[in-house]
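Here are the chains, one letter per residue:
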Amino acid sequence: MSDTVLGVKRKHEDDNNHSNGEGDHEVKKKAHRLDHHSEAEIKKKKTMSWDYSKENGPDTWVETFLDGKAIRQSPVDIAPSKVKVDDSLANNPLTINYGEEGNLQLENPGLSFKINISGNSIISGGPLGDKKFKLVQFHFHWGHEDHEGSEHRINGKMYPSELHFVHYNADKYGSFGEAVTQPDGLAVIGVFIKVGEEHDGFSALSENASKVKSKGSKVDTGANFNPSSLLPKNTSNYWTYDGSLTTPPLCESVTWIVLKDEIEISKEQLSSMRNLKSDDDGEHPIPSNWRPPQPLGNREIKASFAV
């Protein structure tokens with residue numbers, strides 16, 4: 001996942017400060033110093049350099065952005081035979097209510113292909129319970145060869161591309177920026193993409209991708225578009241686990257929902273993303289932008305369906 005804006009939450013001192021002899025003025029001064037420190041640390045992490053090269057690539061991110069302290073990182077390699085079937089997921093089905101965008105907005109942040117969402121598209125149910133999560137953007141990861149590209153894997157298998165629908169917990173947090181650092185702040189639906197027949201829903205993206213060829217470019221296409229057109233027909237079968245953003249700052253705030261069924265796009269449609277550039281001058285292609293699988297550790301992957 002990419003292109004995240006960090007939220008900063010104010011730190012409060014508890015009543016023990018008063019029992020230690022600190023007056024209100026001293027408490028406020030101390031809280032201000034803590035806030036300033038937090039803001040400085042977050043600003044520093046936001047401006048740190050990262051990419052997919054050997055020097056600043058995925059192998060360096062945990063140490064650089066998490067001080068080596070990773071607990072629930074993503075993506076992971078999913079072994080279907082080892083996951084736990086959770087009947088409660090099927091009993092409380094995942095509900096996806098995506099609305100139509102009246103003016104499709106595309107963006108090239110430099111290391112991905114991103115579509116910004118302004119409408120009221122909501123998901124709930126499944127691992128999210130009764131909480132409503134609002135869609136804010138979706139983006140793609142891909143490789144420059146068809147044998148690689150997806151971030152999640154199934155028994156070690158990669159797909160040529162993976163689509164991430166990024167949502168925040170709108171019932172609990174006022175904005176994406178506020179939610180992104182919270183353990184229950186985000187939900188991301190992952191969709192595998194294979195190469196085959198042309199995809200009608202993807203056409204609005206591939207036909208306009210050249211308008212955001214260079215890094216930093218953004219365009220309002222004026223096209224009507226419903227994000228649900230990029231979902232597979234069956235969204236009831238999925239794997240879910242607690243994870244993180246897959247790009248810096250790697251916030252461990254994501255409930256992942258990885259759909260079992262993939263979608264199919266043509267070679268030409270995939271090329272529309274591979275032709276995007278990572279620099280202002282439009283000369284250097286965006287590199288293969290996937291992060292390798294991270295250790296699962298003690299986490300459990302659950303399935304909404306029986307294998």
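Just above, that's the structure.
All values reported here derive from a predicted model rather than from experimental measurement. (Residues numbered from 1 in each chain as written. Predicted model: local features only at pLDDT ≥ 70, side-chain atom pairs only at ≥ 80, totals over all residues. Heavy atoms only, no water.)

A. Main features of the overall build of the protein chain. Within the protein chain, the secondary structure is distributed over seven helices and 15 strands. Across the 307 residues of the protein chain, 51% fall into the buried class. Nonlocal contacts in the protein chain, meaning residues at least 24 apart in sequence, comprise 74% of its contacts between residues at least 6 apart. (Helix = DSSP H or I, 4+ residues; strand = E, 2+ residues; numbered from the N terminus. Buried < 20%, exposed > 50% of the residue type's maximum accessible area, 1.4 Å probe, protein only. Contact = heavy atoms within 4.5 Å.)

B. Representation of helix H3 (residues 58-66) in the model. For H3, every residue scored as buried is listed here: Pro-58, Trp-61, Val-62, Phe-65 and Leu-66. Projected down its long axis, H3 carries its buried residues within an arc of 100°, all on one side. More than 90 degrees from the buried face of H3, the exposed residues found are Asp-59 and Glu-63. Just downstream of H3, Asp-67 is the residue with a positive phi angle, here 55°. (Arc of directions from axis to C-beta.)

C. Structural context of the nonpolar core. Ranked by size, the top nonpolar core spans 40 residues in total, and within it Phe-113, Phe-138, Phe-140, Phe-165 and Leu-205 carry the most contacts. At five residues, the largest contribution of residues to this core is made by strand E7 (residues 133-142). Here Phe-113 is in contact with Leu-106, Glu-107, Phe-138, His-139, Phe-140, Trp-142, Leu-205, Ala-209, Val-212, Met-273 and Leu-276, once residues within four sequence places are set aside. Counting residues in hydrophobic clusters, the runner-up holds 24 residues, among them Val-83, Ile-154, Tyr-159 and Tyr-173. (Core = buried A, V, L, I, M, F, W, Y, C linked by side-chain atoms within 4.5 Å.)

D. Just the pairing of strand E12 (residues 238-243), in detail. Most of E12 sits out of view: five of its six residues are buried. Note: E12 against strand E13 (residues 254-259), six bridges, orientation antiparallel. The residue of E13 that forms the bridge with Trp-239 is Val-258. Relative to strand E15 (residues 302-303), E12 is paired through two bridges, and the arrangement is antiparallel. Within the sheet, the bridge partner assigned to Trp-239 lies in E15 and is Ala-303. (Pairing = 2+ DSSP bridges.)

E. Representation of the side chain of Asn-108 in the model. With respect to the helices and strands, Asn-108 occurs in the loop between strand E4 (105-107) and strand E5 (113-116). Using a relative accessible area of 0% as the deciding quantity, one classes Asn-108 as buried. Here Val-212 takes part through its backbone oxygen, which lies 3.1 Å from a polar atom of the side chain of Asn-108. A polar atom in the side chain of Asn-108 sits 3.1 Å from the backbone oxygen of Lys-213. (Polar contact = N/O pair within 3.5 Å; in protein donor to acceptor, adjacent residues only side chain to side chain.)

F. Fine view of unusual backbone geometry. For the peptide bond that leads from Ser-74 to Pro-75, omega is 5°, which places it in the cis range. Secondary-structure assignment places Pro-75 in the loop between H3 and strand E1 (77-78). In the Ramachandran plot, Asn-155 falls in the positive-phi region, its phi being about 50° despite a non-glycine side chain. Looking at the secondary structure, you find Asn-155 in the loop between strand E8 (153-154) and strand E9 (161-169). Here Leu-250, not a glycine, exhibits a phi torsion of approximately 60°, which is positive. Inspection of the secondary structure assignment puts Leu-250 in the loop between E12 and E13.

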